[in-house]
Amino acid sequence: MAMEEEDHATVAVRNPSHRFERPVKIKRSRSDSIDGVDSISDLPDAVLQHIFSYIPTKFAIRTSVLSRRWRHVWSETPHLSFKWLSVSPESVNKTLASYKASKITSFHLCTRLASTAHHHVNSWIEFAMSHNVDDLFLEFRGFLTTMNYSFPDFFYSNSSLKNLIVDSRCNEMIPRCTVSWTSLKYLSLSCCELSDESFLKILSGCPILETLRLYSYDSVRYLDLSKSLHLRILDIDFSSFFRRPINIVAPHIHYLRLRNSEAQCTLVDVSSLTEAKVDISYIEPGCCYYSFQLLKPDVLQGIVQAMLEKFQNVEKLTFGVNFLQVITLPESRKLDIASL
C-alpha cells in the first residue's frame, strides 16, 4: 500500500532582518484539506502573529482577506517590517493607522530616503518608539539622498530599546541632545558619520551596552570604551578607502574582531581580551580606489608586531589571510610569534 503523501504549504519569504535563513514550512495533512478542516486558522492568535514575524508586513496584511477570522490578526502582531523599495509612504501610514498592538517587539524599516520624505521617516520612528519597541532596524538606501537627514531628538531617548541597527549610508548621526538608551545592549552602526564627541555622547547614554559593531567605519579617531563597563564584544570593519588613524581603548571587551585593519589602528588597551579575529589591509591609508598604493613590508610588519604584543593573553586567536601572509614573509623572522 502506497504511503499517504502530505500537502506542504510553504511561506517562502525571507525575513528582512535575517532572523532565519530557511523558508518556514507549515505542514498540513491531505486528509485535513479533504475534510474541509482549516487547521491553520484554528491556531491561537499569538501563534499566527509569531508566523507573521517571519514575513514583511505587507504580506501579513494580505491574510486579512482570507476570512473574518483573519481580518484583524495582523494588526496586533508585535513585528513590523517595511521595505519602502516596494511600499509607498501612504501605504505605510495607512498600515500604522490600523495597527492595534500596544507593544512592538521589532520594527524594521528599509527605504530610499529622499529629502521630501524625512517627515514620514520621523513619524514612523516616533510610532515605533511610542510603542516601546525592543529591536529597531533602520536601513536607509542611497547616498546623496540621505546626506541631509538628521535623526530627530526623540530618537536618542528611549528606555525600552534593546537592539539598534542603523545602516544610514553615509548619513550623519550627531545627537544635539542627551542620549538615553538605558536598556540598549546591542548597537550596530554602518556607514554612519560620527565625530569623537558625538560618539562619546552616544556611548554615555548606553550604560549596559554589551555588543558594539561598526561597519565601513572611518570617522571616530579615538574610540574610548573604558567607561562601557558591560561591553564584551567589539566588531569593527574599517572602510576600504579614506581611512584615518584610530586608537582603541577597550579594557573590558572579551571578544575583538578587526577587518581591514591598517597601520594607523592602535590597540591601546585590550587587557581583558580572550578571543580575537584580525586581518590587515595592504593599502596605504587615505588612498583612493583608483590610485592606491601598497604598504611597504616593514610597515606591515610593524602592524603585526604591535598587535601581537597586545594578544599575549588571548586564549583563541584567528588571523586573516593577509595577516598570515605577512607573518610568513622572510622579513618577518624577527616577529615575536612564539610568545603567543
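Here, the structure is the one placed above.
Overview of the structure. The shown structure was predicted, so the numbers you read here are calculated from the model rather than taken from an experiment. (Residues numbered from 1 in each chain as written. Predicted model: local features only at pLDDT ≥ 70, side-chain atom pairs only at ≥ 80, totals over all residues. Heavy atoms only, no water.)

Description of the packing of helix α4 (residues 89–97) against helix α5 (residues 118–130)
Contact geometry for α4 and α5: axes closest at 11 Å, N-to-C directions at 25°. With respect to each other, α4 and α5 are oriented roughly parallel. At the point where α4 passes α5, the crossing takes the left-handed sense. Contacts between α4 and α5 involve Pro89, Val92, Asn93 and Leu96 from the first element and His120, Ser123, Trp124 and Phe127 from the second. (Axes fitted to C-alpha atoms, helices over the stretch in contact; angles between N-to-C directions. Helix = DSSP H or I, 4+ residues; strand = E, 2+ residues; numbered from the N terminus. Parallel < 35°, antiparallel > 145°, perpendicular 65-115°, else oblique. Left-handed = near helix turned anticlockwise from the far one by under 90°. Contact = heavy atoms within 4.5 Å.)

Here we look at the sheet that holds strand β11 (residues 246–249)
Spatially, β9-β11-β13 is the arrangement adopted by the 3 strands of the open sheet, whose pairing is parallel. Looking along the sheet, the strands with just one partner apiece sit at the ends: β9 (222–224) and β13 (265–269). Sheet twist, expressed as the average angle between the axes of neighbouring strands with direction ignored, equals 15°. Taken together, the 3 bridges between β9 and β11 define a ladder with parallel strand orientation. Paired with Leu223 across the two strands is Ile248, which belongs to β11. (Pairing = 2+ DSSP bridges.)

Remarks on the pattern of salt bridges
Evaluated as defined, the whole model comprises 6 salt bridges. Between Asp134 and Lys103 there is a salt bridge, and its shortest N-O distance comes to 2.7 Å. Residue Asp134 is located in the loop between α5 and β5 (135–141), and its partner Lys103 is located in the loop between α4 and β4 (106–112); the two are separated by 31 residues in the primary sequence. The class of Lys103 is partly exposed, set by a relative accessible area of 31%. The exposure class assigned to Asp134 is buried, which follows from its relative accessible area of 13%. It is possible to trace a salt-bridge network through shared partners that takes in Lys103, Asp134 and Lys162. (Salt bridge = Lys/Arg side-chain N within 4 Å of Asp/Glu carboxyl O. Buried < 20%, exposed > 50% of the residue type's maximum accessible area, 1.4 Å probe, protein only.)

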